[in-house]
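# A closer look at the structure
Residues per chain are reported as follows:
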Amino acid sequence: MLNAFVGGSVYDSALLIWSVKHMSTFAEQLKNEIARLAKKEVRAETKQLKQFAAQQRSENALLKRRVLDLESALKRLGKAQATVSVAQPETEAGPSLRFRAGGFASLRKKLDLTAAEMAKLLNVSAQSVYHWEIGKSRPRASQLPAISAVRKMGKKEVAERLAA
């Protein structure tokens, strides 16, 4: 039947079958080539997107570390502010009294007192005096007026107080 339509020869029918077969192969090759080029372009685009995503992840990690550092600094400042605000109401009632560890140590040496003798004058332990001098701790606000009073005393007055 095909022979009759094309011209009747067996050769012509074989040529027609071959060309139909190869036309489908050409169409498949064209389709494969288009798919390959599309994949290549998609790969190039996704490579840029992957690089951008990696950059964003590293920036996010950097920002998270920065936020943690700032939060810890804020926490430290909050604690420092809390200790200052607790001490302020007590000192606002009277004159402003300051304390310096170095000044306290030099006062004790100027008066020729041992840590135990200074402690007896202030009604505290010798260990407290030692800790105040090295800066390990600070006296309470209620103890600052007593320290201020000792600061105003001379050697003779200190000796009289210790003897009593």
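Heads up: the structure comes first, above all this text.
Residues numbered from 1 in each chain as written. Predicted model: local features only at pLDDT ≥ 70, side-chain atom pairs only at ≥ 80, totals over all residues. Heavy atoms only, no water.

Our focus in this paragraph is the pattern of salt bridges. Counted according to the given criterion, the structure contains 3 salt bridges. R108 serves as the salt-bridge partner of E133, at 2.4 Å between the closest nitrogen and oxygen. Linking E133 in helix 5 (residues 126–134) with R108 in helix 3 (residues 101–110), this pair joins segments that are 25 residues apart in sequence. R108 carries the same exposure label as E133, and that label is buried. Across the salt bridge formed by K155 and D112, the nearest N and O atoms sit 3.1 Å from each other. Linking K155 in helix 7 (residues 155–163) with D112 in the loop between helix 3 and helix 4 (115–122), this pair joins segments that are 43 residues apart in sequence. Taking the relative accessible area as the measure of exposure, K155 reaches 48% and is therefore partly exposed. For D112, a relative accessible area of 56% translates into the label exposed. (Salt bridge = Lys/Arg side-chain N within 4 Å of Asp/Glu carboxyl O. Helix = DSSP H or I, 4+ residues; strand = E, 2+ residues; numbered from the N terminus. Buried < 20%, exposed > 50% of the residue type's maximum accessible area, 1.4 Å probe, protein only.)

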